Amino acid sequence: MWKEIEAAPADAILGLTEAFKSDSNPNKVNLGVGVFKDDEGNTPILKCVKTAEEKLVKTETSKGYLPISGSPAYAAAVQKLLFGADSEVIAAKRASTIHSPGGTGALRVGADLLKKFSPDATLWVSTPTWANHKGIFSAAGFSIKDYPYYDAASKGVDFEGMLEALNAVPAGNVVLLHVCCHNPTGVDLSGEQWDQVVNVAVSKGWIPFLDFAYQGFGDSIEGDRGAVEKFAAAGIDFLVASSFSKNLGLYNERTGALTVVSPNAAEAAVAMSHIKTTIRVNYSNPPAHGGLAASGVLTDAGLYDQWIGEVAEMRERIKAMRVALVDGLASRGVKQDFSFIKEQRGMFSFSGLSNETVAWLKENKSIYIVNGGRINLAGLTSANIDYVCDSIAEALNA
């Protein structure tokens, strides 16, 4: 059946990783894939996770199915991270949370749920956004439009353009928003700007869908949830897709969550019933191990404190690499101003490198960067930072 069908193009980021793996250059550097690396270039298993997994292996007695929505303890732990333990949302039981296969699974379950009850809705995404956002929602049947976000001239947010576009979004449409550590730009809204976005959502009646993949990689676990708390206080319907791939390092366990917030407990219960039917015809039940390990960390006071420390170490390492890159390029006489990279947040940066420079770095230096110039700062280490700075300086000063 495949004789007359052309092969699908490789994923832009994962395809870059395959090319990196087959590169024989000992100095090769992968700054494309969105995975945290320590200073040795490894994606570590967090110590708190190791301990939780050891306890889990010793105490688990069955490999039976989890409930369709996942472990209730997991859902409760996720809600505390999203809203805070003393949140009115939790007390009023206005949130319905399910354990999904990663943040991607959360987005897809949410997309299928929304498509079922808002079949004519359009999805609005930032320009730019994570490449897979459009693929996920297109596969769920959504038409997609863009709203302005990144201003290449100022290296910041085009907030005036963004707000104007959001004011024109029809009621019932869905607007996808990055809570923090915007992927791919690394540029986030301020608290005051989020207040304005929330006000627009309330007044215009569109549905916010918050992608929260990097909690803890901006300021802190608590500090990064400010936008979620603002939407919760507004008392409107909205969705949150969250992930433990980055902040718990559970990449291959596919551990995420979808939370649907409603104006009251009765509506939240109705929402949960339909989330379950959506899951049932998709993957039926979530994978257990990652969620149980996450619950083990989040519900144990000692492991939770250890986790907060480990997240801080990851966050500070990325910030240190931002400084090292900017200062390294400046010390090599690069005229282009890269100081804005220090102000961005999270793993990613819209570096300002042109596609021509990106291609030159790959071809001549085996440095792999996504077209558009997005780089993963966590791919930089003390061992390769000089090589990367030398190479970029050579490319730009030539």
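Structure: above.
These numbers were taken from a predicted model, which means no experiment stands behind them.

Caption draft 1: Representation of the overall build of the chain in the model. Summing up its helical and strand segments, the chain has 14 helices and 13 strands in all. For 398 residues, the compact-globule formula gives about 21 Å, and the C-alpha radius of gyration of the chain, at 21 Å, lands near that figure. Its C-alpha atoms give the chain principal-axis dimensions of roughly 65 × 55 × 55 Å. Relative to its full complement of 398 residues, the chain shows a buried share of 53%. Contacts spanning at least 24 positions in sequence make up 75% of the contacts within the chain whose residues lie at least 6 apart. For the chain, the centre of its 36 positive side-chain charges and the centre of its 44 negative side-chain charges are spaced 5 Å apart.

Caption draft 2: Structural context of the side chain of Gln 215. Here Gln 215 shows up in the loop between β8 (207–212) and α9 (226–234). When its relative accessible area of 4% is taken as the criterion, Gln 215 is described as buried. A polar contact is formed between the side chain of Gln 215 and the backbone oxygen of Leu 81, at a distance of 2.9 Å. Of note is the side chain of Gln 215, whose polar atom sits 3.0 Å from the backbone oxygen of Ile 221. Discounting chain neighbours no more than four positions away, the residues touching Gln 215 are Leu 81, Leu 82, Cys 180, Ile 221, Asp 224, Arg 225 and Asn 247.

Caption draft 3: Representation of the packing of aromatic side chains in the model. Scanning the entire structure with this criterion turns up eleven aromatic pairs. Between Phe 20 and Tyr 368, the ring centres sit 5.6 Å apart and the planes meet at 85 degrees, which makes this aromatic pair edge-to-face. Of this pair, Phe 20 sits in helix α1 (residues 12–22) while Tyr 368 is found in strand β12 (residues 367–368), placing the two residues 348 residues apart along the sequence. Overall, Phe 20 belongs to the buried group, its relative accessible area being 18%. Aromatic rings pair up to connect Phe 137, Phe 142 and Phe 209 into one cluster. Here the basic side chain of Lys 155 rests over the ring of Phe 340, its NZ or CZ set 5.3 Å away from the ring centre.

Caption draft 4: Structural view of the sheet that holds β8. Here seven strands make up an open sheet; going across it, the order is β2-β10-β9-β8-β7-β3-β4 and the pairing mixed. Sheet topology places β2 (95–101) and β4 (143–148) at the edges, where each strand pairs with a single neighbour. Averaged over all pairs of adjacent strands, the angle between strand axes in this sheet comes to 25 degrees, irrespective of strand direction. Bridge count for β2 against strand β10 (residues 255–261) is seven bridges, and the pairing is antiparallel. Residue pairing across strands places Ala 95 opposite Val 261, the latter belonging to β10. The strands touched by helix α5 (residues 102–117) are β2, β7 (174–178), β8, β9 (238–243) and β10; relative to β10, the strand with the most contacts, the crossing angle is about 35 degrees. Where helix α10 (residues 265–280) meets the sheet, it contacts β2 and β10, and its direction lies at approximately 15 degrees from that of β2.

Analysis parameters
Residues numbered from 1 in each chain as written. Predicted model: local features only at pLDDT ≥ 70, side-chain atom pairs only at ≥ 80, totals over all residues. Heavy atoms only, no water. Helix = DSSP H or I, 4+ residues; strand = E, 2+ residues; numbered from the N terminus. Rg over C-alpha atoms; globule rule 2.2 N^0.38 Å. Buried < 20%, exposed > 50% of the residue type's maximum accessible area, 1.4 Å probe, protein only. Contact = heavy atoms within 4.5 Å. Lys, Arg positive; Asp, Glu negative; His and termini not counted. Charge placed at Lys NZ, Arg CZ, Asp CG, Glu CD. Polar contact = N/O pair within 3.5 Å; in protein donor to acceptor, adjacent residues only side chain to side chain. Phe/Tyr/Trp six-rings, centres within 6.5 Å; stacked < 30°, edge-to-face > 60°. Lys NZ or Arg CZ within 6 Å of the ring centre and 35° of its normal. Pairing = 2+ DSSP bridges. Axes fitted to C-alpha atoms, helices over the stretch in contact; angles between N-to-C directions.

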